[in-house]
Structure formats: C-alpha cells, structure tokens
Amino acid sequence: MNRRIYLDNAATTRISDEVLETMMPYLREEYGNPSSIYDLGADNKRALLTARKQIAGVLACQPQNIYFTSGGTESDNWALIGIAESRADQGRHIITSRIEHHAVLNTCKYLEKRGYEITRLDVDEQGFVQPERLRRALRSDTILVSVMTANNEIGTIQPIRQIGSLLKNHPAVFHTDAVQAFGHMPLLPGQWGVDLLSASSHKFHGPKGCGFLYVGEGVKLPPFLHGGKQERDMRAGTENVPGIVGMGKAAELAAVQMKNRWQRQTSLRDYMIHRIETEIPYCRLNGPRQNRLANNVNMSFSYVEGETIVIMLDMEGICTSSASACSAGQSESSHVLREIGLPEELAKGALRFTLNEETTREDIDYTVEKLKEAVEKSRKLNPRYASFLKLNEKR
Ligand code: PLP
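In this text, all values refer to a predicted model and were calculated from it rather than measured experimentally.

Trainee: Could you give an account of the sheet that holds strand E8 (residues 211-215), naming the residues involved and the relevant values?
Mentor: If you trace the seven strands from one edge of the open sheet to the other, you get E2-E8-E7-E6-E5-E3-E4, paired in mixed fashion. Strands at the two margins of the open sheet, each flanked by one partner only, are strand E2 (66-69) and strand E4 (117-121). The mean inter-strand angle of the sheet, taken between neighbouring strand axes irrespective of direction, is 20°. Here strand E3 (residues 93-97) runs beside E4; their pairing, made up of five bridges, is parallel.

Trainee: An account of the packing of helix H11 (residues 306-314) against helix H14 (residues 361-380) is needed here, citing residue identities and associated values.
Mentor: For the pair H11 and H14, interaxial distance at closest approach is 10 Å and the crossing angle is 130°. The angle between H11 and H14 falls in the class oblique. H11 and H14 meet at a crossing whose hand is right-handed. Two secondary-structure elements touch here, H11 through Thr308, Ile309, Met312 and Leu313 and H14 through Lys370, Leu371, Ala374, Val375, Lys377 and Ser378. Residues that form the contact of H11 with H14 fall into these classes: six nonpolar, two polar and two charged.

Trainee: Describe in detail the sheet that holds strand E9 (residues 283-285), supporting the description with residues and values.
Mentor: On the basis of which strands lie adjacent, the open sheet formed by four strands has the order E9-E10-E15-E12 and antiparallel pairing. Looking along the sheet, the strands with just one partner apiece sit at the ends: E9 and strand E12 (321-322). Judged from the three bridges that link them, E9 and strand E10 (residues 296-301) form a sheet pairing that is antiparallel. For arginine 284, the partnering residue across the bridge sits in E10 and is serine 300. In the packing of helix H10 (residues 258-279) onto the sheet, the strands contacted are E9, E10 and strand E15 (350-354), and the crossing angle to E10 comes to about 10°.

Trainee: Give me the lowdown on the side chain of serine 300, citing residues and values where you can.
Mentor: Position of serine 300 among the secondary structure elements: in strand E10. Among the polar contacts listed, one links the side chain of serine 300 to the side chain of asparagine 286, at a separation of 2.9 Å. Of note is the side chain of serine 300, whose polar atom sits 2.7 Å from the backbone oxygen of leucine 346.

Trainee: Tell me about the side chain of glutamine 265, residues and numbers included.
Mentor: Its place among the elements puts glutamine 265 in helix H10. Overall, glutamine 265 belongs to the buried group, its relative accessible area being 6%. Aside from chain neighbours lying at most four places away, what touches glutamine 265 is Ala294, Asn295, Leu355, Asn356 and Glu357.

Trainee: Before we move on, could you go through the site of the ligand and cite the residues and values that matter?
Mentor: Close contacts around the ligand come from 13 residues, with Gly72, Thr73, Asp177, Ser200 and Lys203 the closest. Here serine 200 contributes a side-chain N or O atom positioned 2.6 Å from an oxygen atom of the ligand. Side-chain polar atom of lysine 203 to an oxygen atom of the ligand: 2.6 Å apart, as the coordinates give it. Expressed as a share of its isolated accessible area of 390 Å², the protein-covered part of the ligand is 85%. Broken down by element, the shell around the ligand gets its largest block of residues, three residues, from helix H3 (residues 72-86). Across the shell around the ligand, the residue classes tally to two nonpolar, eight polar and three charged.

Trainee: Residue-level account of the environment of proline 159, with values.
Mentor: Assignment of secondary structure puts proline 159 in the loop between strand E5 (142-146) and helix H6 (160-166). Separated by 28 residues in the primary sequence, proline 159 and proline 131 have C-alpha atoms spaced 7.5 Å apart. Beyond its immediate sequence surroundings of up to four residues, proline 159 is in contact with Val129 and Pro131.

Trainee: Describe the nonpolar core, and please don't skip the residues or the numbers.
Mentor: Leu134, Phe182 and Phe212 are the most contacted members of the largest nonpolar core, which has 59 residues in total. Take this core: its biggest share by element is seven residues, from helix H2 (residues 39-59). Discounting residues that sit within four places of it in the chain, leucine 134 has contacts with Ile95, Leu121, Val129, Val145, Val147, Ile163, Leu166 and Leu167. Among the nonpolar cores identified, the runner-up in size contains 27 residues, and Leu268, Met299, Val304 and Ile309 belong to it.

Trainee: Go over the pairing of E2, please, and point to the residues and values.
Mentor: Residues Ile66 and Phe68 line one face of E2 and the alternating positions Tyr67 and Thr69 line the opposite face, and both faces are buried. In this structure, E2 lies alongside E8, joined through four bridges in antiparallel fashion. Each bridged residue has a counterpart across the sheet, and for isoleucine 66 the counterpart in E8 is tyrosine 214.

Trainee: Could you give an account of the pattern of salt bridges, naming the residues involved and the relevant values?
Mentor: If you walk through the whole model with that rule in mind, you get 26 salt bridges. Among the ionic pairs, arginine 14 bridges to glutamate 358, the shortest N-O distance being 3.3 Å. Of the two residues, arginine 14 is situated in the loop between strand E1 (5-6) and helix H1 (17-27) and glutamate 358 in the loop between E15 and H14; the sequence distance between them amounts to 344 residues. For arginine 46, the salt bridge goes to aspartate 43, with nearest N and O atoms at 2.4 Å. With arginine 46 and aspartate 43 both in helix H2 and three residues apart, the pair spans about one turn of that helix. Of the residues examined, aspartate 43 reaches a relative accessible area of 22% and is grouped as partly exposed. One network of salt bridges, in which partners are shared, links Arg275, Glu279, Asp365, Glu369 and Lys372.

Conventions adopted
Residues numbered from 1 in each chain as written. Predicted model: local features only at pLDDT ≥ 70, side-chain atom pairs only at ≥ 80, totals over all residues. Heavy atoms only, no water. Pairing = 2+ DSSP bridges. Helix = DSSP H or I, 4+ residues; strand = E, 2+ residues; numbered from the N terminus. Axes fitted to C-alpha atoms, helices over the stretch in contact; angles between N-to-C directions. Parallel < 35°, antiparallel > 145°, perpendicular 65-115°, else oblique. Left-handed = near helix turned anticlockwise from the far one by under 90°. Contact = heavy atoms within 4.5 Å. Nonpolar A, V, L, I, M, F, W, Y, C, P; charged D, E, K, R; others polar. Polar contact = N/O pair within 3.5 Å; in protein donor to acceptor, adjacent residues only side chain to side chain. Buried < 20%, exposed > 50% of the residue type's maximum accessible area, 1.4 Å probe, protein only. Near = heavy atom within 4 Å. Areas by Shrake-Rupley, 256 points an atom, 1.4 Å probe, with all protein chains shown as cover. Core = buried A, V, L, I, M, F, W, Y, C linked by side-chain atoms within 4.5 Å. Salt bridge = Lys/Arg side-chain N within 4 Å of Asp/Glu carboxyl O.

What follows is the structure, encoded as structure tokens:
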C-alpha cells in the first residue's frame, strides 16, 4: 500500500519543487556570507533583498518592514518579549486570547512570572474573540494586544481589522500571530492597524526553520538576538540564506494562486464536512462554518479517541492529526477545544484534517470511507458505546 494522502498541512507543508530549485544554488555554489564584501557575499545579500521584496509584496508593505527569523516561535517571542521589556515603564498589562498557539501562551506565562499582568480573553463557542470584550479589557497601562489571525486547530479567523480599528486610539501595540494565515489569505497589516505580524515559511510550502516578523512603520521594537549587525542590527546571526530565499519564493508563489486556491479548498472542505456529518453518526464540527480557514476540517467523534483514529488512518496511508498534545507522557486534550466549551470526551475524540492545493475530491472520498471504517471499528471496542446503543434501543 503506497498511497499517501497528506492531510496535516497545518502541522507543516511539503516544500514545493520550485521553492527547492530556487534554494539549491544557495546550498551549493552560492555559499557566501551576505556580510562579506566580495562578489560571493554580495550575491547573497542581493538574494536576501529579493526575498524581502517578495514577502513585502504579499503584505503590501515596504521591504524594510520585514525581519527574518528562525520561524513562528521566534517571531512571537520577539514581538511579545520585545514590546513587554521596552514598554515596561509605560505599563505591564498585556491582553491575549485563551486559544493562542503555545508560542504566544507560554511566552505570556514567561512574562507573567516576570511581573507582567496577562488578561486572557475568553472566546465564544466557535473560537471568536469578541472585540467588545477586548475593548472592555483595555486599560491605560495596556502595552500590548496579541490575537492570532487564524487558529491552527479549528481554523477560526479572528476579526483582526475590527481589533485593529478599535486599538487606533490606544497606544497599545497590536501583534498578530499569522502563522496559519500568511500565504493562505490576504493580509494587509498596514491598513488594518496591525503593528507586528509573525509568519513561518514551512506553513506555505517553504523550508522549515525560517520565518519573519513584520514590524510596522514607527513601531519601536528592540533587538532580540544580540551579536552581529545582521538585519539592520535587529536580529544578529548569519542569515539562513537558502531558507530565506526559499521562503521568499514560496511567498511569491502563494500570492499568485491565493484566490483560486481559497475557493477550491473551501468547496472541498465543505464537501468533506458534509459527508462526515451525514455519514458518520454522533460527530460535531469544531469551529465556525464561516470565517474559517479554507483548508481546515476539525470534527469530534463521540466514543472514540482521536489518537487511535490517527493511527488507524496512518495504516491506510492518511496523515492527519488528533488535536491533542502529549505532555510528559500524559495525553492532554487540546486547550483550544476545551476553551470553546467541549467536554473532555469530545475534545479527546477530535480529529483535524488540513488540506492543500493538491488535495482532490478522490482523496477526500477515500479518507471519509476509511474514517467511517475506523470510527465504526473503534466504537465497537468501546463498552460505553454498546451501553449507549442499548439505552437508545430501549427508548
Ligand atoms: N503559531 C501558530 C499559530 C502555529 O500554528 C505555529 C506552528 O504550528 C507556530 C506559531 C510556531 O511556528 P514555528 O513552527 O515556525 O515555530
């Protein structure tokens, strides 16, 4: 059985052939250090500029607004810690949401231990942050608001523009973790009142270990890594030139087909949701039906463990993910699913499928068939399911 259907594109994406080809010369013959003044170095410096321009083109900003990092986690850490430390004399209050990625949540915890006060906003049952709730949480000592653009587990797209406009007359810096959104949907930080935006290359068919932080005009952010003068003294360390070149190309390619891909994936996503909802009993969709990432399907199934189904699907050549994370050997259900109000049983019975532009209807049909079989098999082994059915029969 050689078939592989990769439906875990929120975890990472396959590097595209064109991206890899663009990177190859910088791994072989163009190996110079961009800081060197001879030609081999200068070529690399030019390559960095090209990538900066390619990314800036997608965000409709200037190339100098883009700072290269090692990925989403570093960008989030830089944004949060940088603003917190540099504005500590103006206040120590930070607002975020309860369903952020751990790169933000755990950075907030780190800051909390250092005397910052964190307000974690509740979300509604579909995972939306309510701008009105955010407005009420704002204080004169609020220095930073960090709300993700789109959720990595349930695909909820936050009202970023609305949040940006409500912060217009407040001095707090607005950061958004756009790791799941960049390259997938249009983002205009300059127009939307976003000051800082994090992104990660491996989520849009670029290489891993590479990302960037957008820093808006006039936003004062201190350097995060100290050392050499790279990235205009803001982020020291020899640049990951092949990675950055690949990321630039991936950004450019992502922008070209964005609208068509979005439409195509939305229709496949909705087809998949419809099939599951009508063909597999006792399931529910997690997250919204509208304002949802085009490639995200997250469903909970009663009387099964998500992880068991992931393993069963893997045996059929399907890569997917249960929304649970393992910590210290203990299987813990997803904080996102708990925060949208799911009981533990449904949070543990969740599965996330994230499509890409190569996913076909045939892939979805095959996956739904295999999913049906796996859920049925797994439920048959669950004595609680048998008692539930018996109880239903009596009624
Ligand atoms: N933020 C979000 C929303 C993510 O989904 C991820 C990765 O899954 C990250 C941050 C971290 O990005 P990276 O893997 O580039 O460190």
